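Okay, here's what each chain looks like letter by letter:
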Amino acid sequence: MAASALLLLLVLPAGTWPSLGLPRRQCVHCCHPAWPPAAPGSYAPENDGEWVQLPRIRPTIDISILKGEKGEAGVRGRSGRSGKEGPPGFRGLQGRKGQKGQVGPPGAPCHRAYAAFSVGRREGLHSADAFQAVPFDTELVNLDSAFDLASGHFFCAVPGVYFLSLTVHTWNYKETYLHIMCNKQATAVLYAQPSERSVMQTQSLLLPLAAGDTVWVRMFQRDRDNAIYGERGDLYITFSGHLVKPTTEL
């Protein structure tokens, strides 16, 4: 049976082999490699004769082996342009306290201005005119002799703010009407109506004075008798003033 089959194959023509369902293989020469060649990344035959793609293999080179020795530093290039100013940074920590410095030279002495007066009158006084200056006969304080007792005027030499005070004793059944004057202007009034009992009356104020101003007290007579009471033994009438702050310090 086997011999008859072999004879049938040999007798049949070559074109009838595929119809018989026989496997078809690639023709390979014994003395040459298979085609196409099985190069990396190319094709190679499998067991059934079909060609498949092989994985590509890329060679790697160790660059550290090829790296040479470090060369010498080159010449420094020119400096570039300055950049824009950046935003301010955060405030740093406070540094340590430094050593105490040496004592400086003494400064110039401070020349403080002073002005003050306090005068009185021991004798009583009746008004004899519509406007009458009140003179004084007792000097308590009179710095630089700025107050003239005979005229009753204080002459301002140090400009500034002054405190002024006038105190009188009224006369029984008589009117008491006085002005504290600055130059020719009445700045404050001291007044008491006629009464059967005499009393002490006081008027005080703060007043800015310029250099050359005068301060004094005057009696103002109306239709009534105007008088202030006084005695030789006691001091009932006083007029005082002092500089509170000079103009240079205002």
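Preceding this paragraph is the structure being described.
Residues numbered from 1 in each chain as written. Predicted model: local features only at pLDDT ≥ 70, side-chain atom pairs only at ≥ 80, totals over all residues. Heavy atoms only, no water.

A few points about the overall build of the chain
Turning to step 1, where the next piece is worked out: The number of helices and strands found in the chain is 2 helices and 15 strands.
Turning to step 2, where the next piece is worked out: Looking at the chain as a whole, 25% of its 250 residues are labelled buried.
Turning to step 3, where the next piece is worked out: In the chain, the share of contacts with a sequence separation of at least 24, taken over all contacts with a separation of at least 6, comes to 66%.
Turning to step 4, where the next piece is worked out: Entry remark: accessible area of the chain is about 19,700 Å², with carbon and sulfur atoms responsible for 56%. (Helix = DSSP H or I, 4+ residues; strand = E, 2+ residues; numbered from the N terminus. Buried < 20%, exposed > 50% of the residue type's maximum accessible area, 1.4 Å probe, protein only. Contact = heavy atoms within 4.5 Å. Areas by Shrake-Rupley, 256 points an atom, 1.4 Å probe, with all protein chains shown as cover.)

Considering the packing of aromatic side chains
Turning to step 1, where the next piece is worked out: Under the defined criterion, the tally for this structure stands at 12 aromatic pairs.
Turning to step 2, where the next piece is worked out: Seen in terms of ring centroids, Tyr-177 and Phe-220 are 5.1 Å apart; in terms of plane orientation they differ by 85°. Their pairing is edge-to-face. With a gap of 43 residues between them, Tyr-177 in strand 10 (residues 176–182) and Phe-220 in strand 13 (residues 214–220) connect regions that are remote in the sequence.
Turning to step 3, where the next piece is worked out: Put simply, the rings of Phe-117, Phe-136, Phe-147, Phe-154, Tyr-162 and Phe-239 pair up and form one aromatic cluster.
Turning to step 4, where the next piece is worked out: Lying over the aromatic face of Trp-171, Lys-174 brings its terminal NZ or CZ to 4.6 Å of the ring centre. (Phe/Tyr/Trp six-rings, centres within 6.5 Å; stacked < 30°, edge-to-face > 60°. Lys NZ or Arg CZ within 6 Å of the ring centre and 35° of its normal.)

A short note on the nonpolar core
Turning to step 1, where the next piece is worked out: Within the largest apolar cluster, 30 residues are counted, with the highest numbers of intra-cluster contacts made by Val-134, Phe-154, Leu-166, Leu-178, Leu-209 and Phe-239.
Turning to step 2, where the next piece is worked out: Looking at this core, the elements that each hand over two or more residues are strand 3 (116–121), strand 9 (160–170), strand 10, strand 11 (185–192), strand 12 (200–209), strand 13 and strand 15 (237–246).
Turning to step 3, where the next piece is worked out: Examining the composition of this core, we find that 4 residues originate from one element, strand 9, more than from any other. (Core = buried A, V, L, I, M, F, W, Y, C linked by side-chain atoms within 4.5 Å.)

What about the environment of Gly-233?
Turning to step 1, where the next piece is worked out: Relative to the helices and strands, Gly-233 is located in the loop between strand 14 (227–229) and strand 15.
Turning to step 2, where the next piece is worked out: In this structure Gly-233 comes out as exposed when scored by relative accessible area, which is 61%.
Turning to step 3, where the next piece is worked out: The sequence separation of Gly-233 and Glu-123 amounts to 110 residues, and the corresponding C-alpha distance is 9.3 Å.

Some remarks on the pattern of salt bridges
Close approach of charged atoms allows side chains with opposite charge to pair.
Turning to step 1, where the next piece is worked out: Applying the stated criterion to the full structure yields 3 salt bridges.
Turning to step 2, where the next piece is worked out: Here Arg-112 and Glu-249 are joined by a salt bridge, their closest N and O atoms 3.5 Å apart. Of the two residues, Arg-112 is situated in the loop between helix 2 (63–66) and strand 3 and Glu-249 in the segment after strand 15; the sequence distance between them amounts to 137 residues.
Turning to step 3, where the next piece is worked out: The partly exposed category is assigned to Arg-112, whose relative accessible area is 44%.
Turning to step 4, where the next piece is worked out: On the basis of relative accessibility, which here comes to 38%, the residue Glu-249 falls in the partly exposed class. (Salt bridge = Lys/Arg side-chain N within 4 Å of Asp/Glu carboxyl O.)

A short note on the state of the cysteines
Turning to step 1, where the next piece is worked out: Within this structure, the stated rule accounts for 0 disulfides.
Turning to step 2, where the next piece is worked out: Free cysteine: Cys-182, not disulfide-bonded; nearest cysteine sulfur from Cys-156 at 8.7 Å.
Turning to step 3, where the next piece is worked out: Cys-182 gets classed as buried once you look at its relative accessible area, which sits at 12%. (Disulfide = S-S within 2.5 Å.)

In short, geometric facts, not functional conclusions.
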